[in-house]
Amino acid sequence: MIVNVSINKIYPHPDNPRKDVGDVTELSESIKKNGIMQNLTIIPECALTEDVENQPKATEVNLNGKFYALIGHRRLAGAKLAELTEVPCQIRSKISKREQVSIMLEENMQRNDLTIYEQAQGFQMMLDLGETADTIAEKTGFSKSTIYHRLNIAKLDEKVLKKKNDDDSFQLSLKDLYALEQIEDIKVRNKILKEADDSKNLKWRAEQAVRDIKREKRKKEIIAFLKEKGVQPFPKKESRYNGKWEQIKYFTLDGNEKLTLKKLDDLYYEDSYGWIYVLHKKKVEKKKLTPEEQRRAEREKEIKQLKAQIKQMAAVRKDFAKSVANGKIEMLKTKEILESIWDVILSTGYGTGYNNVAAVYLDFNYWGHSEEEHKQAYKKACALSAEQTMLIAMLLVDLDLVQYNNTYNKERGKIMVKMYKILEQYGLRLEDEEKQIIEGTHEKYEKEK
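A brief look at the structure comes next.

## Quick look at the pairing of strand E9 (residues 275-281)
Point 1. Along E9, 6 of the 7 residues are buried, which leaves the element largely enclosed by surrounding structure.
Point 2. For strand E7 (residues 245-252) and E9, the ladder comprises 7 bridges, and the chain directions are antiparallel. Bridge assignment links Thr-252 to a residue of E9, and that residue is Trp-275.
Point 3. Relative to E9, strand E8 (residues 267-272) is paired through 6 bridges, and the arrangement is antiparallel. Within E9, the residue paired with Tyr-268 across the bridge is Leu-279.
Point 4. Adjacent in sequence and paired antiparallel, E8 and E9 are bridged by 2 residues, among which Tyr-273 carries a positive phi angle near 50 degrees.

This is the structure:
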């Protein structure tokens with residue numbers, strides 16, 4: 001039964017998934033000319049708090065009481081703007097909170113009125129009220145995989161997500177948000193979303209976080225294995241570059257090889273720049289260093305640390321090359337970008353053959369794969385686009401920026417600066433210390449005399 005209800009007695013439902021009804025000016029003009037073409041569906045105030053059995057029948061509801069819109073929030077806003085005093089309504093009662101949310105969600109879904117985040121919040125609300133992914137899928141028509149994706153989006157910080165979504169220059173997509181799902185820790189997801197400069201940078205940060213999580217897990221496995229073998233942490237006050245130590249073995253955090261170690265007394269391990277080194281103390285006579293020898297030893301240690309950082313940056317570029325080879329990076333095809341990439345490659349004289357590109361598919365371990373695996377890798381490399389091949393070839397350029405006298409190599413530095421200007425457009429950015437290394441301003445470089 002349709003009844004006219006005073007518009008001042010009807011309020012928006014507090015759990016309506018759609019938080020913003022948008023601009024209703026045009027709708028309001030239509031209502032002024034033609035009136036309300038379709039009635040609203042409303043519920044009495046008690047339906048928000050009372051159990052179903054305690055709610056009155058729809059025919060017995062007091063029309064002078066307060067009501068909440070269940071269907072027709074935009075019509076309600078348009079009617080208020082058109083200054084109507086009454087609107088035609090169908091009253092629903094004996095209706096649970098779960099049913100109310102489900103009806104509003106279905107109504108908005110059918111009209112495509114909800115943003116992705118509003119959908120996510122709606123699904124989460126239904127879940128909280130006792131629905132399952134199966135029942136939500138049945139009621140809304142969305143697949144269960146989409147529902148699970150949306151529920152993950154609902155966990156993100158609403159303010160940060162809205163800010164990024166409203167920023168046209170950011171170009172946030174569902175694919176970017178799905179990339180965050182690989183990260184279990186919601187705090188890390190929100191941190192990446194907040195710190196990302198744009199869509200590409202968000203995707204890259206997410207992949208880096210996944211890589212770091214895997215490395216951390218691998219590191220714990222390696223250290224647990226070493227401790228079980230009686231290997232001790234390397235002394236903090238020691239330096240493995242002082243001539244007292246010999247390297248027995250090293251483990252990379254990116255590998256998954258079986259952990260083995262020959263039995264030997266007096267072993268220590270050190271975690272350094274993505275590798276864990278196993279060291280054995282040499283039995284040598286103590287020799288007191290002169291002040292000059294001590295100074296040289298300290299400088300040698302600093303330079304080795306600098307070179308290790310440069311090596312780690314090359315490892316990050318190799319990781320990025322893998323992402324390019326696996327089609328995870330969107331290619332930029334402007335003439336300016338392609339010319340810049342080719343300029344870097346030609347400046348170094350680095351080989352651009354398919355064998356070099358194929359190494360990406362072999363984890364850069366040439367001797368650890370069969371002939372058939374080499375053929376498959378070569379085949380994959382040949383199937384890449386010209387843009388992908390060029391970008392990978394550039395990423396594999398590895399220049400030593402430290403000269404024989406430990407000063408900065410300016411010519412090579414210029415090439416690396418060009419490279420990272422290109423990579424910034426793909427979302428790969430340097431930390432402050434890394435910029436200092438590339439630009440030659442790092443304090444560990446020797447000053448030119």
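Moving on from the coordinates now.
## Quick word on unusual backbone geometry
Point 1. With a phi close to 65 degrees, Glu-83 is a non-glycine residue in the positive phi region.
Point 2. Among the structural elements, Glu-83 can be located in the loop between helix H2 (73-81) and strand E5 (86-91).
Point 3. Residue classification places Glu-83 among the exposed residues on the basis of a relative accessible area of 68%.
Point 4. In this structure, Lys-94 is a non-glycine residue whose phi angle is positive, near 55 degrees.

## Concerning the packing of helix H12 (residues 335-348) against helix H16 (residues 410-424)
Point 1. Where H12 meets H16, the closest approach of the two axes is 10 Å, and the angle between their N-to-C directions is 155 degrees. Judged on the interaxial angle alone, H16 and H12 are roughly antiparallel. Here H12 runs over H16; the crossing is left-handed. Residue-level contacts link Ser-340, Ile-341, Asp-343, Val-344, Ser-347 and Thr-348 of H12 to Ile-415, Lys-418, Met-419 and Ile-422 of H16.
Point 2. A class-by-class count of the residues in the contact of H12 with H16 yields 5 nonpolar, 3 polar and 2 charged.

## Examining helix H5 (residues 133-140)
Point 1. Taken as a whole, H5 has its buried residues at Ala-133, Ile-136, Ala-137 and Thr-140. For H5, the buried positions fall inside an angular range of 100 degrees around the axis, keeping them on one side.
Point 2. Gly-141 occupies a position one or two residues after H5 and carries a positive phi of about 85 degrees.

## Some points on the nonpolar core
Point 1. In terms of nonpolar packing, the biggest core is built from 50 residues, with Phe-320, Ile-341, Leu-391, Ile-392, Met-394 and Tyr-426 touching the most fellow members.
Point 2. For this core, the element with the most residues is helix H11 (residues 291-325), which contributes 9 residues.
Point 3. If we ignore the near neighbours within four places in the chain, the residues touching Met-394 are Ile-341, Val-344, Ile-345, Met-419, Ile-422 and Leu-423.
Point 4. Formed by 20 residues, the second largest nonpolar core is a distinct cluster that contains Tyr-117, Leu-177, Leu-180 and Ile-192.

## A look at the packing of helix H9 (residues 186-195) against helix H10 (residues 199-228)
Angle between the axes and distance between the axes: these two values describe a pair of packed helices.
Point 1. The geometry of H9 relative to H10 is characterised by a closest axis approach of 9 Å and an angle of 150 degrees between their N-to-C directions. In terms of their interaxial angle, H9 and H10 are classed as roughly antiparallel. Classified by chirality, the crossing of H10 by H9 is right-handed. Contact with H9, carried on its side by Val-188, Ile-192, Leu-193 and Glu-195, involves Asn-201, Leu-202, Arg-205, Ala-206 and Ala-209 of H10 and no other residues of that element.
Point 2. Its residues assigned to classes, the contact of H9 with H10 shows 6 nonpolar, 1 polar and 2 charged.

## Description of the pairing of strand E1 (residues 2-6)
Point 1. With burial as the criterion, only one face of E1 is covered, namely that bearing Val-3 and Val-5; the residues Ile-2, Asn-4 and Ser-6 on the opposite face remain uncovered.
Point 2. The pairing of E1 with E5 spans 5 bridges and is classified as antiparallel. The residue bridging Asn-4 from the neighbouring strand is Pro-88, located in E5.

## Remarks on the sheet that holds strand E3 (residues 40-44)
Point 1. With respect to topology, 5 strands assemble into an open sheet ordered E1-E5-E3-E4-E2, the strand pairing being mixed. Where the open sheet ends on each side, the last strands, each with one partner, are E1 and strand E2 (10-12). Averaged over all neighbouring strand pairs, the angle between strand axes comes to 55 degrees, with direction disregarded.
Point 2. In this sheet, strand E4 (residues 67-71) lies alongside E3 in antiparallel orientation, the contact comprising 4 bridges. Residue Thr-41 lies in a different strand from E4, and its bridge partner there is Ile-71.

## Here's the deal with the sheet that holds strand E6 (residues 232-233)
Point 1. Spatial strand order, E6-E8-E9-E7: 4 strands in an open sheet with mixed pairing. Looking at strand neighbours, the two that pair on one side only are E6 and E7, the edges of this open sheet.
Point 2. Strand direction decides the pairing type here: E6 and E8, joined by 2 bridges, are parallel. Residue pairing across strands places Gln-232 opposite Tyr-268, the latter belonging to E8.

Basis of the calculations
Note on numbering: residues in each chain are counted from 1, in written sequence order. Given that the model is predicted, a residue must reach a pLDDT of at least 70 before its local features are reported, and side-chain atom pairs must reach 80 or more before they are shown or counted; all residues, however, enter totals for whole chains, interfaces and linings. No hydrogens and no water enter the side-chain calculation; it runs on all heavy atoms of the structure. The buried label goes to any residue with under 20% of its type's maximum accessible area, the exposed label to any with over 50%, and the partly exposed label to all in between, with areas taken from a 1.4 Å probe on protein chains only. The way it works is that DSSP assigns letters per residue, a run of H or I at least four long becomes a helix, a run of E at least two long becomes a strand, and they are numbered from the N terminus. One requirement defines pairing of two strands: DSSP has to find at least two bridges between them. Only C-alpha atoms enter the line fits that serve as axes; for helices the fit covers just the stretch in contact. Angles between N-to-C directions range over 0 to 180 degrees. In what follows, roughly perpendicular refers to angles from 65 to 115 degrees, roughly parallel to angles under 35, roughly antiparallel to angles over 145, and oblique to any angle outside these ranges. Crossing handedness is defined as follows: a turn of the near helix away from the far one that is anticlockwise and smaller than a right angle gives a left-handed crossing, while the clockwise case is right-handed. Residue contacts are counted whenever heavy atoms from the two residues lie within 4.5 Å of one another. Residue polarity is assigned by list, with Asp, Glu, Lys and Arg as charged and Ala, Val, Leu, Ile, Met, Phe, Trp, Tyr, Cys and Pro as nonpolar; anything else, Gly included, falls into the polar class. Picture the helix axis, draw a direction to every C-beta atom, and the arc is the one those directions span. Joining through side-chain atoms within 4.5 Å is the link that ties buried Ala, Val, Leu, Ile, Met, Phe, Trp, Tyr and Cys residues into a set, and such a set is a nonpolar core.

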